[in-house]
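# Close look at the chain arrangement
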Amino acid sequence: MTTTSSLIELTKRSHDIAPLKPPVDPASLHHATLLELPDFRRIPAYADVTDEQFMDHRWQAKKSITRPDKLLDTLRGMVSDDFIRDATEGFARAPMSVRVSPYMLSLIDWNDPYGDPLRTQFIPLASRFLPDHPKLGLDSLHERADAPVPGLTHRYADKALFLPLDTCPVYCRFCTRSYAVGIDTEEVEKTHFKVDEERWKRAYAYIASRPELEDIVVSGGDAYNLRPEQLGAIGETLLRMPNIQRIRLATKGPAVMPQKILTDDEWIDAVTRTVELGRKLHKEVVIHTHFNHPNEITGITRDAMNKLFERGITVRNQSVLQRGVNDTPETMKLLVKRLGHVHVHPYYVYIHDLVRGVEDLRTTLATGLTIEKHVRGSTAGFNTPTFVVDAPGGGGKRDAHSFEHYDRTTGISVFEAPSVKPGQRYTYFDPIDQLPPEGRARWADPAEHQKMIDEALYASR
C-alpha cells in the first residue's frame, strides 16, 4: 500500500532524476479545471432559484423554454435590443424548434452572446444565416430511404438505428434529424415518430427477423426522454433477442441536463438494470452522448459521469465539428482532454452534415483534417476520436481521410463505402463561402454544378 510517507519519499527521489521534459505547471492543465456550479442567478428569471431547485431534473425540465418569445423575454436586460430582434428573425427562419434548459442558458456568456459557442448551437441569429448549399436536402443522410419500417433505419449490415420517439431535452440547431425531431416550424413540416408501442413492435419484429443485426442504436429524439419503464422494456426486449449483442442508448442529456443522472433515481436505475442484464447475458449496453465544447463540462457533469462510472456504465462521445464552436485545434484538444478527465471516451467527431438553415455552422473537410492532425498524439489513442464524414445519400460514416478525391477549389470530396453500398460513390460539399474565389464563382452558376460533380467523380476513378 502507498502511504503518505512513501509518496514524500518518491517525490524526493524524483528530484534526482534528470527529466527529458520540464515538469508541467499543474495550473496549466486547464482540462482538469471545471466550473463547479454555473452562476445561474445572474439571469433575472432565476434570481430567486435555490441551488436545490437548480439541481433538480424536474425543475430543469419544467423550466426548459420551448417558445422563442419566452426565451427572448428571459434574456431581456441581459442582451441588446438588436440581439433580440436578430434572434427573433432567426427563430422564424430556423428549421428546428426551440427547447433550451436553464442549465444551458446559465452556461452561456451573455456579455458576448454573438461570440459564445453555446449560444451558437441553440439560438439562431438571422444576421449569421447563409444560403443553404444547392446540394443540401432535409434528410441528407437518406435515413428514411433506408427504413424498412417507420422509425428504424437499417443501413449497415449488422447495425440498425431505432427511433422510439421524436423529442429531446433540448433541440440543437444543427440536428441532422431536423426532418423529424421536435414540433413543426414555419420552415419544416416534420415526419413524426411519437411514442407508439405498435410501431415499436413492427421495429422489433423486423430486428428479430434479421439474424445479421447485432447492434442497435436507440436514439430519436433522445433516450433521456423515455420513461424508466419504456427504457427498461426496450432494453429487455432487444437484449432477449438471440441476435442482438450490443445496444447504444443515444442521449444529449449528460451535456445539457446532467442533473437528471444525479436526481432521477428511477431513470438511472432503469439504465443500470439494462446494463446489468446485458452483462449477465454477455451483451454490451453503453451510453453515447454529445458534448461539443469544453464549456459544456462542469462539476455537475463530473459528478454525473462519476455516478455512471461507479455503476460500470461506459459513456462515449460524438461531437459535431462546428464553425465558431470547436473548429480550432486548441478548442478540440481541450474538449477531448476534458472528456477523458470525466470518464467519457471521445468516439467520433463528425464533419458537419449538410443540414438546412445552419450553413454558418459548417466547416470544410480540410479544417477537420487539420484539427485531427493536432488532436492525434495529444492524449491516449483510446481517447482520440475518429473524424468522420457521414456520406450524404446514405453511404454511412467514412473516415475523413479516406476520400477517393478532394478538390479544395470546388469543395467536393468523393467517398466510397464498399461494405455498406458497394459500387456507389458519395459526394460531400464544403460550404461555398469557405471556398477560394474560383470555386465560389463556379457555384454561383447553376450550369456549373453538375459539371463540377462529374469532374470530381471522374477524378476519383
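Parameters and conventions
Residues numbered from 1 in each chain as written. Predicted model: local features only at pLDDT ≥ 70, side-chain atom pairs only at ≥ 80, totals over all residues. Heavy atoms only, no water. Helix = DSSP H or I, 4+ residues; strand = E, 2+ residues; numbered from the N terminus. Rg over C-alpha atoms; globule rule 2.2 N^0.38 Å. Buried < 20%, exposed > 50% of the residue type's maximum accessible area, 1.4 Å probe, protein only. Contact = heavy atoms within 4.5 Å. Areas by Shrake-Rupley, 256 points an atom, 1.4 Å probe, with all protein chains shown as cover. Lys, Arg positive; Asp, Glu negative; His and termini not counted. Charge placed at Lys NZ, Arg CZ, Asp CG, Glu CD. pLDDT = per-residue confidence, 0-100. Axes fitted to C-alpha atoms, helices over the stretch in contact; angles between N-to-C directions. Parallel < 35°, antiparallel > 145°, perpendicular 65-115°, else oblique. Left-handed = near helix turned anticlockwise from the far one by under 90°. Expected span 1.5 Å × (residues − 1). Phe/Tyr/Trp six-rings, centres within 6.5 Å; stacked < 30°, edge-to-face > 60°. Pairing = 2+ DSSP bridges. Salt bridge = Lys/Arg side-chain N within 4 Å of Asp/Glu carboxyl O.

Before going further, it helps to examine the overall build of the protein. Along its length, the protein carries 17 helices and 12 strands. For 461 residues, the compact-globule formula gives about 23 Å, and the C-alpha radius of gyration of the protein, at 23 Å, lands near that figure. Taking the principal axes of its C-alpha atoms as reference, the protein extends roughly 75 × 55 × 50 Å. A burial count over the protein gives 56% of its 461 residues as buried. Taking as baseline every contact in the protein between residues at least 6 positions apart, the subset at least 24 positions apart corresponds to 76%. Carbon and sulfur atoms make up 51% of the accessible area of the protein, which totals about 20,500 Å². If you average the places of the 59 positive and of the 64 negative side-chain charges in the protein, the two averages end up 3 Å apart.

Right, let's talk about the confidence of the model for the protein for a bit. On average, residues of the protein score 91 in pLDDT, and 91% of them reach the 70 mark or higher. Considering only residues more than four positions removed or in separate chains, one finds that residues 184-188, a stretch of pLDDT under 50, has 18 contacts.

Right, let's get into the packing of helix H14 (residues 329-341) against helix H15 (residues 365-375). Packing of H14 against H15 brings their axes to within 9 Å, and their N-to-C directions diverge by 50 degrees. Put simply, H14 runs oblique to H15. Both H14 and H15 take part in a crossing whose hand is right-handed. Residues Pro-329, Met-332, Lys-333 and Val-336 of H14 form the contact with H15, whose participating residues are Ile-371, His-374 and Val-375.

Turning our eyes to something else, we now look at helix H9 (residues 228-239). In this model, H9 (12 residues) spans 16 Å end to end at C-alpha, consistent with the 16 Å of a helix rising 1.5 Å per residue. As for H9, its buried residues are in contact with strand E2 (159-162), helix H8 (197-209), strand E3 (215-218), strand E4 (246-250), helix H12 (265-280) and strand E5 (284-289).

Take the packing of aromatic side chains next. This structure, assessed with the given rule, holds 13 aromatic pairs. Where Phe-83 meets Tyr-114, the ring centres are 5.4 Å apart and the plane angle is 85 degrees; that geometry is what we call edge-to-face. Taken together, the residues span a long stretch of sequence, with Phe-83 in helix H5 (residues 81-93) and Tyr-114 in the loop between helix H6 (102-107) and helix H7 (117-122) at a distance of 31 residues. Given the relative accessible area of 28%, Tyr-114 is considered partly exposed. Look at Tyr-347 and Tyr-348: their rings are 4.1 Å apart centre to centre, the planes differ by 20 degrees, and that puts the pair in the stacked class.

The strand order across the open sheet built from 3 strands is E10-E11-E12, with neighbouring strands paired in antiparallel fashion. The open sheet has two edge strands with one neighbour each: strand E10 (405-407) and strand E12 (425-429). Averaged over all pairs of adjacent strands, the angle between their axes in this sheet comes to 20 degrees, without regard to strand direction. Where E10 and strand E11 (residues 412-416) come together, 3 bridges link them in antiparallel fashion. Directly across from His-405, in E11, lies its bridge partner Val-414. Across the face of the sheet, helix H17 (residues 446-459) comes into contact with E10, E11 and E12 while running at roughly 45 degrees to E11.

A few words now on the pattern of salt bridges. Summed over the entire model, instances satisfying the criterion amount to 30 salt bridges. The partner of Asp-73 in a salt bridge is Arg-76, and the shortest N-O contact between them spans 2.9 Å. The exposure class assigned to Asp-73 is partly exposed, which follows from its relative accessible area of 46%.

Okay, the environment of Asp-73 next. Within the element layout of this structure, Asp-73 appears in helix H4 (residues 68-75). Each C-alpha atom, one on Asp-73 and one on Ile-287, is 35 Å from the other, the two residues being 214 residues apart in sequence.

Here the focus is the pairing of E5. Of all the 6 residues making up E5, 5 are buried; the element is thus mostly covered by neighbouring parts of the structure. Where E5 lies against strand E6 (residues 315-321), 3 bridges are found, and the strand directions are parallel. Residue Ile-287 lies in a different strand from E6, and its bridge partner there is Val-315.

Before going further, it helps to spend a moment on unusual backbone geometry. With a phi angle near 60 degrees, His-282 is a residue other than glycine that sits in the positive phi range. Assignment of secondary structure puts His-282 in the loop between H12 and E5. By relative accessible area, which is 70% here, His-282 ends up exposed. In this model, His-343 sits at a positive phi of 65 degrees, which is unusual for a non-glycine residue. Mapped onto the elements, His-343 comes out in the loop between H14 and strand E7 (345-351).

All right, on to the environment of Leu-105 then. Of note, Leu-105 is situated in helix H6. As for Leu-105 and Ile-43, which are separated by 62 residues in sequence, their C-alpha atoms are 8.5 Å apart. Leave out the neighbours within four places in its chain, and Leu-105 touches Arg-42, Ile-43, Tyr-46, Ile-65, Leu-71, Val-100 and Trp-110.

Counting through the fold element by element, Ala-87 comes out in helix H5. Ala-87 sits in the buried class, given a relative accessible area of 0%. Not counting residues within four places of it along the chain, the set of residues in contact with Ala-87 comprises Leu-72, Ile-123, Pro-124 and Leu-125.

Glancing now at the sheet that holds E5. The 9 strands are arranged E1-E2-E3-E4-E5-E6-E7-E8-E9 in an open sheet whose pairing can be described as mixed. Whereas interior strands pair on both sides, the edge strands pair on one side only; in this sheet they are strand E1 (152-153) and strand E9 (396-399). The pairing of E2 with E3 spans 4 bridges and is parallel. Looking at E3, one finds that Phe-162 is bridged to Val-218. Seen against the sheet, H9 touches E2, E3, E4 and E5 and runs at an angle of roughly 160 degrees to E4.

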